[in-house]
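If you want the building blocks of each chain, they are given just below.
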Amino acid sequence: MMLRQYGVLLLSCVRHQRDYAPYIAAHPRLKIVAVADEPGLPDWMRKANVDMAAQYDVPYIEDVDAALARDDVQLASVCSEPTRHAQLATQAALAGKHVLVDKPMATTLEDADRF
């Protein structure tokens, strides 16, 4: 019996994604398919994303909505700086994806209520 494999989008790699990604990549039912983040990030953030994409030989997409629209993405792993967790996780959830969000889920009550 063939078990379904789930495509994982690494949604921002500026925090703990480097710690989570090896476990995601090692899981037989998960496959990292892309890295994505917002355009216009500081150089160090963009470099972290580009480096992670290169490490897993996947594209880096600077358009979160386009990345979430991919048919091969079923799960988004959100590991941005905490102030963007709720925004990115909400985008992923509204796109119909399963979401793994690094702690904290949100940094304000308003963001938590949106999520």
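Residues numbered from 1 in each chain as written. Predicted model: local features only at pLDDT ≥ 70, side-chain atom pairs only at ≥ 80, totals over all residues. Heavy atoms only, no water.

**Considerations on the side chain of S80**
Mapping S80 onto the fold places it in the loop between β4 (75-78) and α4 (85-94). Looking at S80, the relative accessible area reads 0%, which means it is buried. Not counting residues within four places of it along the chain, the set of residues in contact with S80 comprises L11, S12, V14, R15, H85 and L88. (Helix = DSSP H or I, 4+ residues; strand = E, 2+ residues; numbered from the N terminus. Buried < 20%, exposed > 50% of the residue type's maximum accessible area, 1.4 Å probe, protein only. Contact = heavy atoms within 4.5 Å.)

**Section: the pattern of salt bridges**
Here the idea is simple: oppositely charged side chains can pair when their charged atoms come close. All told, the structure shown has 6 salt bridges when counted by the stated rule. With a closest N to O distance of 3.1 Å, E62 and R46 form a salt bridge. Of this pair, E62 sits in the loop between β3 (60-61) and α3 (64-68) while R46 sits in helix α2 (residues 43-55), placing them 16 residues apart in sequence. Owing to a relative accessible area of 35%, R46 belongs among the partly exposed residues under this scheme. Salt-bridge contacts for D51 lead to K47; the nearest nitrogen and oxygen are separated by 2.6 Å. Of the two residues, D51 and K47 are both situated in helix α2; the distance of 4 residues between them amounts to about one turn of the helix. (Salt bridge = Lys/Arg side-chain N within 4 Å of Asp/Glu carboxyl O.)

**Quick notes on the sheet that holds strand β1 (residues 6-11)**
As summarised here, the arrangement of the 5 strands in space is β3-β2-β1-β4-β5, forming an open sheet in which the pairing is parallel. Pairing within the sheet leaves two strands with one partner each, and these edge strands are β3 and β5 (98-101). As defined by bridge partners, β1 adjoins strand β2 (residues 30-36) across 6 bridges and the pair is classed as parallel. Along β2, the bridge assignment pairs L9 with A34. Sheet contacts for helix α1 (residues 17-26): β1, β2 and β4; angle to β1, the most-contacted strand, approximately 170 degrees. Lying over the sheet, α4 contacts β1, β4 and β5, oriented at roughly 165 degrees with respect to β5. (Pairing = 2+ DSSP bridges. Axes fitted to C-alpha atoms, helices over the stretch in contact; angles between N-to-C directions.)

**Description of unusual backbone geometry**
One non-glycine residue, S12, adopts positive backbone phi at about 80 degrees. Within the secondary structure, S12 sits in the loop between β1 and α1. In this structure, D57 is a non-glycine residue whose phi angle is positive, near 55 degrees. Looking at the secondary structure, you find D57 in the loop between α2 and β3.

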